[in-house]
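Each chain is listed here by its residues.
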Amino acid sequence: LWLRDPLEVANDDHMLRNARVLVTGGVGFIGFHLAATLVQLGNDVVVLDNFNSYYDVRLKEARAHKLFGHGVRVVNGDICDFRLLEKLFEQHGFTHVAHLAAQAGVRYSVNHPHDYIRSNVDCFVNILEELRTKPEVKLVYASSSSVYGKDATIPFTEKECSDKPTNVYGATKRMNELLAHSYHHLYNISATGLRFFTVFGPWGRPDMAPFIFTERVMRGDTIDVYHTADGEEMRRDFTYVDDIVDGIVRSLHHGAGYDVFNLGRGHPTSVPQFIEMIESATGKPARRNDMEAHAAELPETYADVSHAADVLDYSPKMATDEGVNAFVGWYKWYSEQGMFRPFPRADYYFPGGPA
Ligand code: NAD
């Protein structure tokens, strides 16, 4: 339910098959969709996630429950536990790693910088250290549009990244790219960084605007709509999760050497336009409260995706309004299913490592 049609996935070209893939952060929003798709394509998939409580853990448990139904092994553990990583590699002989585990969120990073340094920098090095002697394993890791600074030319191109991120989250994602480069240079590891642009869709994150806006519109609560200090509308290159997953799978399949790609829609939407799409999908009016954006936020994000198009044949397909319809459909189902009451506790993931 609310995942890509298995038949459509199975008929896709350019896709990874018969691989053994570790997906870190795999009960997170993007990792969940990725793990489900990879297993439908015929790969062996192990998820490693610490089920942290940055947002409602019941949503992560619900995702884990679905993944289990698809035949994915889910390990409840931390990437900071290097012995667990070693054990998983020994047991499963991974051919590919999709590293998505991270402390996400721009605004949260303003007051919680150490959470970002721990998971996104310190423990990212655990992944690199594990791969140091395994140049044949293809690593794809999540970077972000947040690496771009306010001075970056619109649309953002990979080479123009100015090393002036506006927040700690973006700084840690840029450090991922720099560290990956060092390990590639020193040990010839294969590492591809993917700069995702505001990802949305079913099973999406409760801390992100699409979820918060939809929840508030459905309840008749007021939405805080941020604009720039000059009163300009904010714009985001909202990208549907299936397109992002398609880009990740293509990168895993391709992955050779060192590279960084923008994965976005390539068509930004203003935040007020996005809210109008939610109004139309829910059939309810939004009540707005205009606010000035925090200095950590970029006024606009806009991906130039030509590098990913050239090398990976990446071509995002989902129109933003259709994506909003799909998200709102899922949101209604999910809130009725049990967002406000606990899902049954999962008993199929294994604290401390695989059984
Ligand atoms: P998410 O928070 O839903 O998923 C991240 C998962 O990682 C969570 O389930 C969390 O429990 C897990 N995790 C965090 N620290 C961990 C640790 N130390 N050990 C093991 N697991 C840990 O976020 P998401 O939206 O799915 O994002 C996935 C990746 O993509 C992240 O790296 C994020 O920074 C990046 N990204 C996301 C977006 C977006 O719009 N969603 C945009 C740019 C980049």
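Once a new chain begins, its residue numbering starts again from 1 and follows that chain's sequence as written. Reporting of local features is limited, given that this is a predicted model, to residues whose pLDDT is at least 70; pairs of side-chain atoms are given and counted only at 80 or more, and all residues count toward the totals for whole chains, interfaces and linings. In computing side-chain values, all of the structure's heavy atoms are included and hydrogens and water are not.

Observations regarding the site of the ligand
Here comes step 1: We define proximity as follows: a residue is near a molecule or strand when any one of its heavy atoms falls within 4 Å of that partner. D49, Y55, Y169, K173 and V199 are the nearest of the 29 residues found near the ligand.
Here comes step 2: Between N or O atoms, a polar contact is any pair within 3.5 Å; within protein, one atom must be a potential hydrogen donor and the other a potential acceptor, and residues adjacent in sequence are included only when both atoms are from side chains. Backbone polar atom of N50 to a nitrogen atom of the ligand: 3.1 Å apart, as the coordinates give it.
Here comes step 3: V199 places a polar main-chain atom, nitrogen or oxygen, 2.8 Å from an oxygen atom of the ligand.
Here comes step 4: Computed on the free molecule, the ligand has an accessible area of 820 Å², of which 98% lies beneath the protein chains in the complex.
Here comes step 5: At the level of secondary structure, the elements contributing two or more residues to the shell around the ligand comprise helix 2 (29–40), strand 5 (138–144) and helix 8 (168–187). In short, Shrake-Rupley with a 1.4 Å probe defines the accessible areas, and a residue's cover is counted only from the protein chains shown. Put simply, DSSP H or I for four residues or longer makes a helix, DSSP E for two residues or longer makes a strand, and each gets a number counted from the N terminus.

Notes on the sheet that holds strand 2 (residues 44–49)
Here comes step 1: For two strands to pair, DSSP has to find at least two bridges joining them. Spatial ordering of the open sheet is given by 3-2-1-4-5-6-11, a layout of seven strands whose pairing is parallel. Two strands close off the open sheet at either side, each with one partner strand: strand 3 (73–76) and strand 11 (258–263). Direction aside, neighbouring strands of the sheet carry axes that sit 20° apart on average.
Here comes step 2: Pairing of strand 6 (residues 190–196) with strand 11, which is carried by six bridges, proceeds in the parallel orientation. Counted as the bridge partner of R195 is N262 from strand 11. Axis lines are fitted to C-alpha atoms, over the contacting stretch for helices. Their N-to-C directions set the angle, which ranges from 0 to 180 degrees.

What to know about a negative patch on the surface
Here comes step 1: A cluster of acidic residues, D230, E232, E233, E276 and E292, forms a negative patch on the protein surface.
Here comes step 2: On the secondary structure map, D230 appears in the loop between strand 8 (222–227) and strand 9 (235–236).
Here comes step 3: Given the relative accessible area of 69%, D230 is considered exposed. By definition, no residue in a patch forms a salt bridge, and every one has over 30% relative accessible area; like charges are joined within 9 Å, nonpolar side chains (Val, Leu, Ile, Met, Phe, Trp, Tyr) within 5 Å. Should a side-chain nitrogen of Lys or Arg be within 4 Å of a carboxyl oxygen of Asp or Glu, the pair is scored as a salt bridge. Asp and Glu count as negative and Lys and Arg as positive, but His and the ends of the chain are not part of the count. We put the charge of a Lys on NZ, of an Arg on CZ, of an Asp on CG and of a Glu on CD. Accessible area is worked out with a 1.4 Å probe on protein chains only. A residue is then buried under 20% of its type maximum, exposed over 50%, and partly exposed in between.

Let's talk about the pattern of salt bridges
Here comes step 1: If you walk through the whole model with that rule in mind, you get 15 salt bridges.
Here comes step 2: R195 is the partner of E177 in a salt bridge, and the nearest nitrogen-oxygen pair spans 2.7 Å. Residue E177 is found in helix 8, and its partner R195 is found in strand 6; the two are separated by 18 residues along the sequence. The pair formed by E177 and R195 is uniform in burial state, with each residue classed as buried.
Here comes step 3: What emerges from the salt-bridge pattern is a single network uniting D163, R174, E177 and R195.

Shape descriptors only; they carry no functional weight alone.
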